[in-house]
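Descriptive analysis of the structure
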Amino acid sequence: DAKTTQPTSMDCAEGRAANLPCNHSTISGNEYVYWYRQIHSQGPQYIIHGLKNNETNEMASLIITEDRKSSTLILPHATLRDTAVYYCIVRVTFGNEKLTFGTGTRLTIIP
Amino acid sequence: DVKVTQSSRYLVKRTGEKVFLECVQDMDHENMFWYRQDPGLGLRLIYFSYDVKMKEKGDIPEGYSVSREKKERFSLILESASTNQTSMYLCASSLDRPSNQPQHFGDGTRLSIL
């Protein structure tokens, strides 16, 4: 799996959009970008994933650059409950079922 | 909505006990996984299963066994619990096809072995 780089921590004001960046410059053509988050003492929560097109669901939007070397997770209207560690993961599409997390970004939503 | 349910959020057991951790998913997923998560060590795969009665060892299977008698249920067994098995245990499930489907996790069981 390609290596990812994320900032260690970020703050965002409540009600504003939270933009979390991820660099994955060694991504290969068949690898998807996945985002998870983990709130303290809970299991990881799947947020969104994409290959090359931008994706949106009820939780977030995923913007992937045209060269696919970086992406941004956008939480449009952050709430206090969005305080968590956010993980960006790049995975091959098949044959590799083990999931591993890097250090992630600790996002703190400020009231 | 995807739902993975682990039987206990917190569990305290004694050294040498046989411990059962249960996981149930309601999405008809083929794949199920057991991980443990420890500070500084991240997520480590213990066992996984692609189908009923099938199991594959992950990275750290020693001291553990699993059972999958029904598609929706995947059990993790600590044969003789030891203090180094104190950890957060996470169950996950995913669809087998298409293969890019994400894994969905339960809330975890925080297990303490005294």
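Just above, that's the structure.
This write-up is about the structure you can find in this document. (Residues numbered from 1 in each chain as written. Chains lettered and ligands numbered in written order. Predicted model: local features only at pLDDT ≥ 70, side-chain atom pairs only at ≥ 80, totals over all residues. Heavy atoms only, no water.)

All right, on to the state of the cysteines then. All names here are of chain A. In this structure the tally under the stated criterion is 2 disulfides over all chains. What pairs with Cys22 in a disulfide is Cys88, and their sulfur atoms sit 2.1 Å apart. Classification of the bridge connecting Cys22 and Cys88 rests on its S-S torsion, roughly -80°, and on that basis the disulfide is left-handed. Placement of the pair is Cys22 in strand E2 (residues 18-23) and Cys88 in strand E8 (residues 84-92), with a sequence separation of 66 residues. (Disulfide = S-S within 2.5 Å. Helix = DSSP H or I, 4+ residues; strand = E, 2+ residues; numbered from the N terminus.)

This next bit is on the sheet that holds strand E3 (residues 19-25) of chain B. Residues and elements named next belong to chain B. As summarised here, the arrangement of the 4 strands in space is E1-E3-E8-E7, forming an open sheet in which the pairing is antiparallel. Since the sheet does not close on itself, it has two edges, and those belong to strand E1 (4-6) and strand E7 (64-70), each with one partner. Going from strand to strand, the sheet's axes swing by 20° on average, the running direction of each strand aside. By the bridge criterion, 6 bridges tie E3 to strand E8 (residues 73-78) in an arrangement that is antiparallel. By the bridge assignment for E8, Val19 is matched with Leu78. (Pairing = 2+ DSSP bridges. Axes fitted to C-alpha atoms, helices over the stretch in contact; angles between N-to-C directions.)

Right, let's get into the packing of aromatic side chains. All names here are of chain B. Tallied over the full model, the rule gives 11 aromatic pairs over all chains. Centroid distance Phe33 to Tyr35: 6.2 Å. Interplanar angle 25°. Geometry classified as stacked. Here the aromatic rings of Phe33 and Phe48 are separated by 6.2 Å at their centres, their planes lie at 25°, and the arrangement is stacked. Remark: Phe48 occurs in strand E5 (residues 42-49) and Phe33 occurs in strand E4 (residues 31-38); sequence separation between them is 15 residues. (Phe/Tyr/Trp six-rings, centres within 6.5 Å; stacked < 30°, edge-to-face > 60°.)

Counting residues in hydrophobic clusters, the biggest one holds 22 residues, and the most contacted among them are Leu20(A), Trp35(A), Leu73(A), Leu75(A), Tyr86(A) and Leu107(A). Listing elements by their share of this core, those giving two or more residues are E2, strand E3 (31-38), strand E4 (45-50), strand E6 (61-64), strand E7 (70-75), E8 and strand E9 (105-110) of chain A. The element contributing the most residues to this core is E8(A), with 4 residues. When near neighbours in sequence (up to four residues on either side) are disregarded, Leu107(A) contacts Met10(A), Asp11(A), Cys12(A), Ala18(A), Leu20(A), Leu75(A), Asp82(A), Thr83(A), Ala84(A) and Tyr86(A). Residues Leu11(B), Val19(B), Cys23(B) and Ala81(B) belong to the second largest nonpolar core, which totals 21 residues. (Core = buried A, V, L, I, M, F, W, Y, C linked by side-chain atoms within 4.5 Å. Buried < 20%, exposed > 50% of the residue type's maximum accessible area, 1.4 Å probe, protein only. Contact = heavy atoms within 4.5 Å.)

Here we take up the environment of Glu66(A). Residues and elements named next belong to chain A. Looking at the secondary structure, you find Glu66 in the loop between E6 and E7. Classification of Glu66 as exposed rests on a relative accessible area of 82%. Each C-alpha atom, one on Glu66 and one on Asn54, is 9.9 Å from the other, the two residues being 12 residues apart in sequence.

Counting residues at the interface gives 18 residues for chain A, matched by 22 residues for chain B. Summed over both sides, the interface of chain A with chain B buries roughly 1,700 Å², with 48% coming from carbon and sulfur. If you look at where chain A meets chain B, you find 0 salt bridges. Viewed at the interface, chain B and chain A are joined by 7 residue pairs in polar contact (both at pLDDT 80 or more). The set of elements that each furnish at least two residues to the side of chain A that touches chain B consists of E3 and E4 of chain A. In terms of residues, the side of chain A that touches chain B owes the most to one element, E3(A), which gives 4 residues. Residue composition of the side of chain A that touches chain B, grouped by class: 8 nonpolar, 7 polar and 3 charged. (Buried area = accessible area lost by both parts, 1.4 Å probe. Salt bridge = Lys/Arg side-chain N within 4 Å of Asp/Glu carboxyl O. Polar contact = N/O pair within 3.5 Å; in protein donor to acceptor, adjacent residues only side chain to side chain. Nonpolar A, V, L, I, M, F, W, Y, C, P; charged D, E, K, R; others polar.)

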